[in-house]
Amino acid sequence: MRLRHITSGTALAGLVLLTGALPALAATSGVTVSGAVWLDLDGDGVRDAEDPGRAGVPVTLRTAATILDATVSAADGSWTFGNVAPGSYTVVVNPPIDHRVTTGAGTVAIDVATSDVTDGPSIGLGSPVASGTDVAVTVVADGSAAGSAFTWLVDAYNLGNGAADGPVSVRLVLDGAHVATGATGTGWACEVGGAIVTCSTPDGLPGAGHLPTITMLSTPTGDVGAATGVTGTVRLDGAFDAAPLNDESSASRTIGADVAAIDTDGDGAADLTQTGAPTSALLMVALLALAAGTTTLRTVRRT
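The rules behind these values
Residues numbered from 1 in each chain as written. Predicted model: local features only at pLDDT ≥ 70, side-chain atom pairs only at ≥ 80, totals over all residues. Heavy atoms only, no water. Helix = DSSP H or I, 4+ residues; strand = E, 2+ residues; numbered from the N terminus. Buried < 20%, exposed > 50% of the residue type's maximum accessible area, 1.4 Å probe, protein only. Contact = heavy atoms within 4.5 Å. Areas by Shrake-Rupley, 256 points an atom, 1.4 Å probe, with all protein chains shown as cover. Pairing = 2+ DSSP bridges. Axes fitted to C-alpha atoms, helices over the stretch in contact; angles between N-to-C directions. Disulfide = S-S within 2.5 Å. Core = buried A, V, L, I, M, F, W, Y, C linked by side-chain atoms within 4.5 Å. pLDDT = per-residue confidence, 0-100. Phe/Tyr/Trp six-rings, centres within 6.5 Å; stacked < 30°, edge-to-face > 60°. 1 Å grid on protein atoms, 1.4 Å probe; cavity = no way out; pocket = protein on both sides within 12 Å on 5 of 7 lines; lining within 4 Å. Points joined across faces, edges and corners; volume = space filled by probe spheres on them. Nonpolar A, V, L, I, M, F, W, Y, C, P; charged D, E, K, R; others polar.

Our focus in this paragraph is the overall build of the protein chain. For the protein chain, the count of helices and strands is 3 helices and 20 strands. Burial statistics for the protein chain: of 303 residues in total, 38% are counted as buried. Taking the contacts inside the protein chain whose residues are at least 6 apart along the sequence as the reference set, 68% of them involve residues at least 24 apart. Looking at the protein chain as shown, the accessible area adds up to about 15600 Å², and 57% of this sits on carbon and sulfur atoms.

As structure tokens, then:
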């Protein structure tokens, strides 16, 4: 009696899944149109070196009457539309509440040829008031940091041309499946209390200026796919705020598989079920692959 091993396609497919060797489908690519949205601190309609990008601003790509694509500006204020066919379009920026466009209109006409448009519409946002003090805050979810903690970047600005005396305070409220674990910033004194973080500084805000960034960390407490959010509110105690509606900003992100396992029961070991790590799924694939491979083992009796 001889044993002959025949490797079936099913077993091979299971092995490919386990090793991650499944070839990725090539993504189609076309003309890319990109631009930026930024805070115009001095309101002059020109982006200066100190003018930061503005995250979370809705941007749409349209024809005369149809919205073809929609996005929001990234942490650095950049936005991108991919696979755009040659033609004539308009890019429409919807400013956050109580901001005004300082670079002209929020609707810009563009012509797309066959090459990427890397210097698309650059839109500046400033204070809606002509003069005075106008503090504003931005909250950005920093997705570049992986691990068991999320990073949130919080900035306080004065979009007005009048100086504001201190103190200045920022209140951060967390919702969803995470809790605050720390907050720091040059010149800021921060108190962390689970779902609420309060930071204050005696420093004032010069006209068309900003304070150092507050970096807040939070630890996810939910499974993969759960939402987390932060709402920040800035308060000016030393001067009148001429445009209070832009004193609040929010950001959110979803817990992904890149988040390290969390020790929720305090036993010193990572709890894989808490992070949604696909351990059971991998085990199931392994068992299926093994079963499929076993069926290919055939005994051939020669007489």
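To continue, consider the sheet that holds strand β3 (residues 58-62). Strand order in this open sheet of 4 strands is β4-β3-β6-β8, and the pairing throughout is antiparallel. Each end of this open sheet is capped by a strand with a single partner; those strands are β4 (67-72) and β8 (107-112). Averaged over all pairs of adjacent strands, the angle between strand axes in this sheet comes to 25°, irrespective of strand direction.

Where β3 meets β4, 5 bridges bridge the pair, whose relative direction is antiparallel. Each bridged residue has a counterpart across the sheet, and for L61 the counterpart in β4 is D69. With antiparallel pairing between neighbouring strands as the criterion, β3 and β4 make up a hairpin whose turn holds 4 residues.

Applying the stated criterion to the full structure yields 1 disulfide. Between the sulfur atoms of C190 and its disulfide partner C199 the distance amounts to 2.1 Å. Between C190 and C199 the disulfide shows an S-S torsion of about 110°. By sign, it is right-handed. Given a relative accessible area of 0%, C199 falls into the buried group.

Alignment of strand β12 (residues 168-176) against strand β15 (residues 196-201), held across 6 bridges, turns out to be antiparallel. Within the sheet, the bridge partner assigned to L172 lies in β15 and is V197. Of the pairings in the sheet, the one linking β12 to strand β18 (residues 227-236) comprises 9 bridges and is antiparallel in character. Following the sheet pairing, G176 is matched in β18 by T228.

Glancing now at the sheet that holds β18. One open sheet holds the 5 strands; their spatial order is β14-β15-β12-β18-β19, and the pairing between them is antiparallel. Each having just a single partner strand, β14 (189-193) and β19 (248-254) make up the two edges of the open sheet. Adjacent strand axes in the sheet meet at a mean angle of 15° when their direction is disregarded. Bridging between β18 and β19 involves 7 bridges; their strand directions are antiparallel. The residue of β19 that forms the bridge with T233 is E248.

What follows covers the side chain of D155. Mapped onto the secondary structure, D155 falls in strand β11 (residues 150-158). Excluding residues within four positions of it along the chain, D155 makes contact with A136, V137, T138, L211, P212 and T213.

Quick look at the nonpolar core now. Formed by 28 residues in total, the largest nonpolar core has its most connected members in V197 and M216. If you list the elements that add at least two residues to this core, you get β10 (135-142), β11, β12, β13 (178-184), β15, β17 (214-220) and β18. Leave out the neighbours within four places in its chain, and M216 touches F150, T151, W152, L172, L174, A180, G182, A183, V197 and V230.

What follows concerns the confidence of the model for the protein chain. Residues at a pLDDT of 70 or more form 75% of the protein chain, whose mean pLDDT is 80. Note that pLDDT drops below 50 for residues 1-28; the model gives that stretch 32 contacts with residues more than four away or on any other chain. Between residues 260-303, whose pLDDT stays under 50, and residues either more than four places distant or in other chains, the model counts 57 contacts.

With that settled, consider the packing of aromatic side chains. To describe a pair of aromatic rings, one takes the distance between the centres and the angle between the planes. Under the counting rule described, the total for this entry stands at 2 aromatic pairs. Summarising the aromatic geometry, the rings of W79 and F81 are spaced 5.4 Å apart at their centres and angled 50° between planes, so their arrangement reads as tilted. A relative accessible area of 2% means that W79 is categorised as buried. With a centroid separation of 6.5 Å and 80° between ring planes, the pair formed by F150 and W152 is classed as edge-to-face.

What follows covers the layout of surface pockets. When its volume is computed, the largest pocket comes out at roughly 210 Å³. Lining the largest pocket are 18 residues; nearest its centre among them are R54, A55, G56, S249 and S250. Secondary structure elements with two or more residues in the lining of the largest pocket: β10 and β19. When the residues that make up the lining of the largest pocket are grouped by side-chain class, the tally is 10 nonpolar, 6 polar and 2 charged. Computed from the structure, the second largest pocket encloses a volume of approximately 180 Å³. What lines the second largest pocket is a set of 15 residues, among which P52, G53, T138, D155 and Y157 lie closest to the centre.

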